[in-house]
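Here's the letter readout for the chains.
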Amino acid sequence: MRERVTYRSKVLPYLLVAPQIAVTIVFFLWPASQALYQSVQRQDPFGLRTRFVGLDNFVAIFEDPGYLHSLQVTAVFSICVATLALGLALLLAVAADRAVRGATTYKTLLIWPYAVAPAVAGVLWMFLFNPTIGSVSYALRTLGYGWNHLLDGTEAMVLVVLAATWKQISYNFIFFLAGLQAIPKSLIEAAAIDGAGPNRRFWTIVLPLLSPTAFFLLVVNVVYAFFDTFGIIHSVTSGGPARATEILVYKVFYDAFEALDLGGSAAQSVILMVIVIGLTVVQFRYVERRVHY
Amino acid sequence: MVEKQGIGVWVTHAILVLGVAIVAFPIYVTFVASSLTLREVLDAPMTLVPGPHLWENYRTALFHGTKMNGTPVIGMLWNSLVMALVIAAGKIVISLLSAFAVVYFRFPFRMVFFWMIFITLMLPVEVRILPTYKVVSDLEMLNSFGGLTVPLIASATATFLFRQFFMTVPDELVEATKIDGAGPMRFFKDVLVPLSRTNIAALFVILFIYGWNQYLWPLLITTDHRMDTIVIGIKRMLAAGDDQIEWPVVMATTMLAMIPPVFVVVAMQRWFVKGLVDSEK
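Residues numbered from 1 in each chain as written. Chains lettered and ligands numbered in written order. Predicted model: local features only at pLDDT ≥ 70, side-chain atom pairs only at ≥ 80, totals over all residues. Heavy atoms only, no water.

> In this structure, what is going on with the overall build of chain A? I would like to understand it.
On a plain count of helices and strands, chain A comes out with twelve helices and two strands. The N-to-C order of helical and strand elements in chain A reads α-β-β-α-α-α-α-α-α-α-α-α-α-α. Compactness check: chain A gives a C-alpha radius of gyration of 24 Å against a globular reference of 19 Å for 293 residues, more than 25% above the reference. Expressed along its principal axes, the backbone C-alpha trace of chain A runs to roughly 75 × 75 × 30 Å. The proportion of buried residues among the 293 residues of chain A is 55%. Summarising the internal contacts of chain A: among those between residues at least 6 apart in sequence, 66% fall at separations of at least 24. (Helix = DSSP H or I, 4+ residues; strand = E, 2+ residues; numbered from the N terminus. Rg over C-alpha atoms; globule rule 2.2 N^0.38 Å. Buried < 20%, exposed > 50% of the residue type's maximum accessible area, 1.4 Å probe, protein only. Contact = heavy atoms within 4.5 Å.)

> Help me out: how do you make sense of the side chain of A:Gln168 in this one?
Looking at where A:Gln168 falls in the secondary structure, it is placed in helix H7 (residues 153-181). Given a relative accessible area of 5%, A:Gln168 falls into the buried group.

> Could you clarify how one ought to interpret the confidence of the model for chain B in this entry?
Detailed reading of the predicted model is not advised wherever pLDDT is low. All names here are of chain B. Counting all residues, the mean pLDDT for chain B is 87, and 97% of those residues have values of 70 or more. Averaged pLDDT values over the elements of chain B bottom out at 81 in helix H15 (residues 269-279) and peak at 94 in helix H4 (residues 73-104). If you check the scores for this complex, the pTM reads 0.90 and the ipTM reads 0.88. (pLDDT = per-residue confidence, 0-100.)

> Sorry, what's going on with unusual backbone geometry here?
Residues and elements named next belong to chain B. Positive phi, close to 70°, is recorded for Phe 109, a residue that is not glycine. Here Phe 109 lies in the loop between H4 and helix H5 (110-119). Phi angles above zero are rare outside glycine, and Asn 143 is one such case at about 55°. As for its position among the elements, Asn 143 is in the loop between helix H6 (129-138) and helix H7 (145-149). By relative accessible area, which is 27% here, Asn 143 ends up partly exposed.

> Got a minute to help me understand the environment of B:Leu256 in this structure?
All names here are of chain B. In this fold, Leu 256 is placed in helix H14 (residues 247-267). Using a relative accessible area of 13% as the deciding quantity, one classes Leu 256 as buried. Between the C-alpha atoms of Leu 256 and Asn 79, which are 177 residues apart in sequence, the distance is 13 Å.

> I keep staring at the packing of H4(B) against helix H10 (residues 184-195) of chain B and nothing clicks. Help me out?
Relative orientation and spacing of two packed helices are given, respectively, by the angle between their axes and the distance between those axes. Residue and element names in this part refer to chain B. At their nearest, the axes of H4 and H10 sit 12 Å apart, and the two run at 115° to each other. The angle between H4 and H10 falls in the class roughly perpendicular. Between H4 and H10 lies a crossing whose hand is right-handed. Listed contacts from H10 to Leu 96, Leu 97, Phe 100 and Tyr 104 of H4 are Pro 184, Met 185, Phe 187, Phe 188, Leu 192 and Val 193. (Axes fitted to C-alpha atoms, helices over the stretch in contact; angles between N-to-C directions. Parallel < 35°, antiparallel > 145°, perpendicular 65-115°, else oblique. Left-handed = near helix turned anticlockwise from the far one by under 90°.)

> Please explain the interface of chain A and chain B as it appears in this structure.
When the parts come together, some accessible area is lost, and that loss is often what is quoted as the size of the interface. Taken together, the contact between chain A and chain B spans 99 residues of the former and 108 residues of the latter. In this assembly, chain A packs against chain B so that about 9300 Å² is buried in total across both faces, 77% of it on carbon and sulfur atoms. Applying the counting criterion to the chain A and chain B interface returns zero salt bridges. Inspection of the chain A/chain B interface yields 14 residue pairs in polar contact (both at pLDDT 80 or more). (Buried area = accessible area lost by both parts, 1.4 Å probe. Salt bridge = Lys/Arg side-chain N within 4 Å of Asp/Glu carboxyl O. Polar contact = N/O pair within 3.5 Å; in protein donor to acceptor, adjacent residues only side chain to side chain.)

> Looking at this structure, I do not really get the pattern of salt bridges. What am I missing?
Any two side chains of opposite charge can pair, on the condition that their charged atoms come close. All names here are of chain B. Under the definition given, this model contains seven salt bridges over all chains. Put simply, Lys 134 and Asp 138 hold a salt bridge, and the shortest N to O gap is 3.1 Å. Here the residue Lys 134 and the residue Asp 138 both occupy positions in helix H6, the gap between them amounting to four residues, near one helical turn. For Lys 134, a relative accessible area of 47% gives the class partly exposed. Looking at Asp 138, the relative accessible area reads 51%, which means it is exposed. Each of Arg 186, Lys 189 and Asp 190 takes part in salt bridges that share partners, so that together they form one network.

> Is there a simple way to explain the nonpolar core in this structure?
Proteins that are soluble and globular tend to have nonpolar side chains buried together. In this structure, A:Phe77, A:Phe127, A:Trp166, A:Phe173, B:Ile230 and B:Phe272 are the most contacted members of the largest nonpolar core, which totals 154 residues. It is H7(A) that contributes the most residues to this core, 15 residues altogether. Here this core gathers at least three residues from each of two domains, domain 1 (7-63) and domain 2 (73-279) of chain B. Setting aside its immediate chain neighbours within four residues, A:Phe173 contacts A:Ala89, A:Leu92, A:Ala93, A:Ala96, A:Lys107, A:Leu110 and A:Ile111. (Core = buried A, V, L, I, M, F, W, Y, C linked by side-chain atoms within 4.5 Å. Domains from an automatic or database assignment.)

The following block contains the structure:
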């Protein structure tokens, strides 16, 4: 990179970065270091003394069936949300890309759930599936299926997956549509002239060219399912019934503020930190490659 | 031109119409419920035709809230609006300033600062939940707008975005302002910020929604009902227990919680899509 024309000043640049750095240190780096520190400490029940316990908190977490269960719940939840949200968004994006007339209208009508808060999305779906008054649960009842996500763990999982997917489709849709529109039309036309039908064209040309977008979205969707769905879980199921929807982020919140387990919660935070760092690294390595591509 | 007629076109439109219908259905039902009386909502199956009680329910929600909760929604809307605006504006301002410093000055520890900002990407609230709460509580910022907003206004994404953009601004502009005798802040204010207008607008849409839709953070920081944001307020109304919930009022509140961010997205669609795509690069 060529050297830019710059200004000379001893104090000004520090003043300019000061607000950002101050917030970063006080509310990000310091608390994160505290979480690291507390994760190797244990506090007595009265909060009077703390002592160094090494990796005991981590050992305890991975021996805790509750935590392992939460890991499993998170995995199921993330896989379901990512698969559904990506699949449906791709279907809609391909359709919108093909529709000549009304494409912009469809786009407008499909993107706005992005603006709905996860917790509010949860409330919308909870109302539809309310066991006594919900429209959908009523329809299911007339079909002979008694829906009650307050008692049935699987049904609760289905409900939060639906709400989380509904909210994420619009995001994926925008990126898929942008990706589709970036594919050179000449490639598609060449294939059509060679006699490839729409299906063949999709699988051998469109999808491979779309795979960088799809991979990027996969990472984003996993991050979303891991971290941004707290509002849905908290407002719809509170992790229940019987912890059937207790994802990791909900558990770390619950253990810190309801169960008041300081060391355990800190250790869970550190594990989550490792997960985010891993996902961020994957995302940035990928972006690097996309630039070359 | 690839074939664009025949049965395929109908299938395409059918998929899209179905998609739009499924996306809109939960909102429609919520809207209908916000226009009925409680009795009509409880009478399963609930009608799917809007009733005449729309204004009544919204007025109750706005100025009285539910009977159990008793907090008027208009106050919650105000809290959400302040929170969203301060977070969006705050993030943009401090990111503009730090990107300006990183791109247009050479100073010791420049890259250290840059990496410190970068690291915040990897530290969402969820991974430092209790210690961050403790910091805010030690600073006596619980139940205040300061506590709701300041801890969220660091932004690696916005800083990177502006940094990328500033690096594309031609050097000639800097030199021209230097020759004209303008200092760095003058250049920043009169050249750089006006040039960043589009980026600012795009980012503003994304960040406004980000701020409006916050959930975990206000849940931790506010215990006083007067500080409830509307998203938190809905949750509190629902905590009343199934047979106590005034569904029409709650559903009116839900609609009110969605209208501002949805309006921003639809009205500023062009900037919204740009902001979304840019901030993920």
